[in-house]
Amino acid sequence: MTTKRLLVCFGAALSLSLLATQAADKSSTIDASKLPPPSDKKGVTYAGDIKPIFEKSCMKCHGAEKQKGKLRLDSLEAALKGGEDGKVVEPGNSAKSMLVANVSHVGDEDMFMPPPDNKDKIPPLTKDQIGLIRAWIYQGAK
């Protein structure tokens, strides 16, 4: 009986490990050529440039009151921390940042943000907004 339980536990742990690896692989296989280009704006900051975008498009589901996927975007620290799927921002590398792929609607359709058929009718981010997010991440996500 103990051996059977150990095998079940080992199988579950192996399955979870494979799922985590697949999730990591999805974020690293994004076709960067499909992403909007980064903005040319210099000195992009979370407080001045990015938080207003997040407030408009992301905070209903990723703010203080609600955190889908345990992800909060209502502060710089929270955005950099990430959620249950890990980090969503890779400072210095926007093409490898899950956040950029998701808001660009590139890659896994289940991860598109905001979701295309969301009940609040929040529209997708514009190419300019995504470009600003990319510039912010390239500049170190500060």
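Owing to the predicted nature of the structure, the values given are computational and were not obtained by experimental measurement. (Residues numbered from 1 in each chain as written. Predicted model: local features only at pLDDT ≥ 70, side-chain atom pairs only at ≥ 80, totals over all residues. Heavy atoms only, no water.)

1. Concerning the confidence of the model for the protein
Line of reasoning, step 1. In the predicted model, the protein carries a mean pLDDT of 86, and 80% of its residues have values of at least 70.
Line of reasoning, step 2. Residue range residues 6-27 is modelled with pLDDT below 50. Its contacts to residues more than four positions away, or to other chains, number one contact. (pLDDT = per-residue confidence, 0-100. Contact = heavy atoms within 4.5 Å.)

2. Quick look at helix α2 (residues 46-57)
Line of reasoning, step 1. For α2, the set of buried residues is Tyr46, Asp49, Ile50, Ile53, Phe54 and Ser57. Along the long axis of α2, the arc covered by the buried residues comes to 120 degrees, so they all point the same way. Opposite the buried face of α2, by more than 90 degrees, sit the exposed residues Ala47 and Lys56.
Line of reasoning, step 2. As for α2, its buried residues are in contact with α3 (59-62), α4 (76-81), α5 (98-103) and α6 (127-138).
Line of reasoning, step 3. At the N-terminal boundary of α2, the capping side chain belongs to Thr45, with an oxygen 3.0 Å from the backbone nitrogen of Gly48. (Buried < 20%, exposed > 50% of the residue type's maximum accessible area, 1.4 Å probe, protein only. Helix = DSSP H or I, 4+ residues; strand = E, 2+ residues; numbered from the N terminus. Arc of directions from axis to C-beta. Polar contact = N/O pair within 3.5 Å; in protein donor to acceptor, adjacent residues only side chain to side chain.)

3. Side note on unusual backbone geometry
Line of reasoning, step 1. With an omega dihedral of -20 degrees, the bond running from Met113 to Pro114 counts as a cis peptide bond.
Line of reasoning, step 2. You can see Pro114 is positioned in the loop between α5 and α6.
Line of reasoning, step 3. For His105, which is not glycine, the phi torsion reads 55 degrees and is therefore positive.
Line of reasoning, step 4. Along the polypeptide, His105 turns up in the loop between α5 and α6.
Line of reasoning, step 5. Overall, the relative accessible area of 24% leaves His105 in the partly exposed class.
Line of reasoning, step 6. Phi at Lys121 takes a positive value of approximately 60 degrees, unusual for a residue other than glycine.
Line of reasoning, step 7. For Lys121, the position within the fold is in the loop between α5 and α6.

4. Some words on the packing of α2 against α6
Line of reasoning, step 1. Contact geometry for α2 and α6: axes closest at 10 Å, N-to-C directions at 140 degrees. Taken together, the axis directions place α2 and α6 in an arrangement best described as oblique. Of the two elements, α2 crosses α6, and the hand of that crossing is left-handed. For the pair formed by α2 and α6, the contact residues are Tyr46, Asp49, Ile50, Ile53 and Phe54 on the first element and Gln129, Leu132, Ile133 and Trp136 on the second.
Line of reasoning, step 2. Here the contact of α2 with α6 is built from residues that sort into seven nonpolar, one polar and one charged. (Axes fitted to C-alpha atoms, helices over the stretch in contact; angles between N-to-C directions. Parallel < 35°, antiparallel > 145°, perpendicular 65-115°, else oblique. Left-handed = near helix turned anticlockwise from the far one by under 90°. Nonpolar A, V, L, I, M, F, W, Y, C, P; charged D, E, K, R; others polar.)

5. Observations concerning the layout of surface pockets
Rolled over the atoms, a probe sized like a water molecule indicates the empty space that remains.
Line of reasoning, step 1. Approximately 520 Å³ is the volume attributed to the largest pocket.
Line of reasoning, step 2. Forming the boundary of the largest pocket are 27 residues, of which Cys61, His62, Lys68, Leu71 and Met113 lie nearest the centre.
Line of reasoning, step 3. Listing elements by their share of the lining of the largest pocket, those giving two or more residues are α3 and α5.
Line of reasoning, step 4. Residue classes in the lining of the largest pocket are distributed as 14 nonpolar, six polar and seven charged. (1 Å grid on protein atoms, 1.4 Å probe; cavity = no way out; pocket = protein on both sides within 12 Å on 5 of 7 lines; lining within 4 Å. Points joined across faces, edges and corners; volume = space filled by probe spheres on them.)

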